[in-house]
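# Chain and residue survey
Chain residues, written in single-letter form:
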Amino acid sequence: MLSHPLAAPPGSRPGRWLALAVLAALSLAGCSQSGAEPKAGSSSGPGSGSSPGDARRMALKPCRLDGVAAQTLCGTLEVFEDRAAAKGRKLSLRVVVVPALASQPKEDPLFFLAGGPGQAASRTRILPALERIRRQRDIVFVDQRGTGDSHPLDCEALNPSRASLAERFEDREDADVIPQCRKGWDADERLYTTAIAMDDLDDVRAALGYRQVNLWGISYGTRAALVYMRQHPDRVRTAILDGVAPMGQYLPLYAARDGQRALDLLLDACAKDGVCAKAYPDLRARTEALLARLEAAPAKVHLAHPRTGVPGDFTLTRRVFLSELFSLLYSPDVASLVPLMLDRATRDDWTSFVALSLGLTDEVARTTSRGMFLAVVCAEDAPFFTEEDAEREAKGTWFGSRMALDVKRACAKWPQSNVPKSFREPVKSDIPTLLLSGELDPVTPPPWGEEAKRTLTHSLHVVVPGLGHNTVGADCARTLMAEVLTRGSVEGLTPDCGAGLKRPPFFTSFAGPVP
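Residues numbered from 1 in each chain as written. Predicted model: local features only at pLDDT ≥ 70, side-chain atom pairs only at ≥ 80, totals over all residues. Heavy atoms only, no water.

Further remarks concern the packing of helix α9 (residues 283-296) against helix α10 (residues 318-328). One can describe the packing of α9 onto α10 by two numbers: an axis separation of 8 Å at closest approach and a directional angle of 140°. Between α9 and α10, the angle is such that the two are oblique. Together, Leu290, Leu291, Ala292, Leu294 and Glu295 of α9 and Arg318, Phe321 and Leu322 of α10 make up the contact between the two elements. Along the lines of polarity and charge, the residues of the contact of α9 with α10 split into six nonpolar, no polar and two charged. (Axes fitted to C-alpha atoms, helices over the stretch in contact; angles between N-to-C directions. Helix = DSSP H or I, 4+ residues; strand = E, 2+ residues; numbered from the N terminus. Parallel < 35°, antiparallel > 145°, perpendicular 65-115°, else oblique. Contact = heavy atoms within 4.5 Å. Nonpolar A, V, L, I, M, F, W, Y, C, P; charged D, E, K, R; others polar.)

Structure, rendered in structure tokens:
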């Protein structure tokens, strides 16, 4: 899965706040937060800097986003679910505009395209990273059809956030619950593909009165951005692709291979780090032995729920353990706790494993529609690889072919969409494009950025050391983003970013890393 559930505050490393939150969960601590009510001030509305003829046709009203204090405007745009037929069911797309701070903003806003597939753009907490850009430009969030408040394909049975640990770590496949989920959706699931959604997005652009936009896509959002660039090239001024998923990447065919790369980098770094190696000797071999035990017989775990304190029993299989481990590799700051977790797990202590896993669950569940994930991958990915491909790409990895095969099995129970093979052809474009990759990314590592770059003739690919899936936590990456928008070009930009960055230190106890 390519979701990017975490967004770091500007100036921080992505995920550090989550690592600290996990430690709080271990001590049964809890907290709540609320954002300030946004003010309906006199800041320029979207499209206010546009030339005559670009009148805004969408009504926007002051609204409040969770955790966002900035002035925010919200509206909806109705589109036909079946755009080709232009009749039948209509969908209301949620649109959120954060107006620029300048009294005379630039005419071209920044449109954010979220990850997943299935993440709701309006529910991400990415805005603090965009303050530099918001000085001059509106920031626009559109919940893609099937996500958030845009006719979401939500289903409790697909949601891993359960009250009990037994339900949370149950080993089951999406294929088992798809039929019951589909009964609850008033939707033609074949019509929730990326190409259709990007035509929706262009309707939003036109309704807001923007002649051109700048795109910023993260993870799956980079695929969406590439598709928009192909379908509406004249409407794109610049593009920023962070965690690049080019058209040649089929989800989740390469996840085992790319995830193993990230895990190997982590274990090698621990072995070369004197403090980590001393704290967790022979960690790779002990983890392999743990996986062998889980393969032979799932672990029977008795543990108090980290939040409620209620004791309970659950069974943990190798597949579920590895699935959770894969998710923990997205952010190096969270991954800095992985050696500690693996060490405890090899000793049959599952406390840190459970706390880390639950720390990720709530945010993913809050922002992501799992049904929308299936709507995309069952149309655009699963038809283009075989079970033999899955076995080949996963050969020699700990993660194995199960991730890809589970998707194939789920998609066998999904209505078949008509996505042509040409959809997967590389996007060719001369639009100024900044490609950003995290060195340690487990799902869209740097080679995918290089693949996309081959057919983007006016592009720059920057690999940020020490970071994982999403680079916006690095100040140099945010600076490059701002400069691309200011220049309208990648010419003259330096590819050096984060020369002093490196993997965060490993936790050797719940007190934190050794100073």
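For the rest of this paragraph, the subject is a negative patch on the surface. On the surface, Glu156, Glu167, Glu170 and Asp176 cluster together into a negatively charged patch. For Glu170, the location among the structural elements is in the loop between α3 (165-168) and α4 (178-183). Among the residues examined, Glu170 registers a relative accessible area of 46% and is labelled partly exposed. (Patch = residues over 30% accessible without salt bridge, like charges linked within 9 Å, V, L, I, M, F, W, Y side chains within 5 Å. Areas by Shrake-Rupley, 256 points an atom, 1.4 Å probe, with all protein chains shown as cover. Salt bridge = Lys/Arg side-chain N within 4 Å of Asp/Glu carboxyl O. Lys, Arg positive; Asp, Glu negative; His and termini not counted. Charge placed at Lys NZ, Arg CZ, Asp CG, Glu CD. Buried < 20%, exposed > 50% of the residue type's maximum accessible area, 1.4 Å probe, protein only.)

In this section: the sheet that holds strand β7 (residues 236-242). Strand order in the open sheet formed by nine strands is β1-β2-β3-β5-β4-β6-β7-β10-β11, with mixed pairing between adjacent strands. This sheet does not close on itself; its edge strands, each paired only once, are β1 (61-62) and β11 (459-464). Here four bridges tie strand β3 (residues 90-98) to strand β5 (residues 139-142), and the two strands are oriented antiparallel to one another. Looking at the pairing, Val95 lines up with Val142 of β5. With respect to the sheet, helix α5 (residues 194-208) is in contact with β2 (73-80), β3, β4 (110-113), β5 and β6 (213-218), its orientation differing from that of β4 by roughly 155°. (Pairing = 2+ DSSP bridges.)

Moving on: the pattern of salt bridges. Throughout the structure, instances matching the rule amount to 39 salt bridges. The residue Arg123 makes a salt bridge to Asp149 at a minimum N-O spacing of 3.3 Å. In this pair, Arg123 sits in the loop between β4 and α2 (131-134) while Asp149 sits in the loop between β5 and α3, placing the two residues 26 residues apart along the sequence. Two residues, Asp188 and Arg190, come together in a salt bridge whose shortest N-O distance is 2.8 Å. Arg190 gets classed as partly exposed once you look at its relative accessible area, which sits at 41%. Via salt bridges that share partners, Asp171, Glu173, Arg319, Arg402, Asp406 and Arg409 belong to a single interconnected network.

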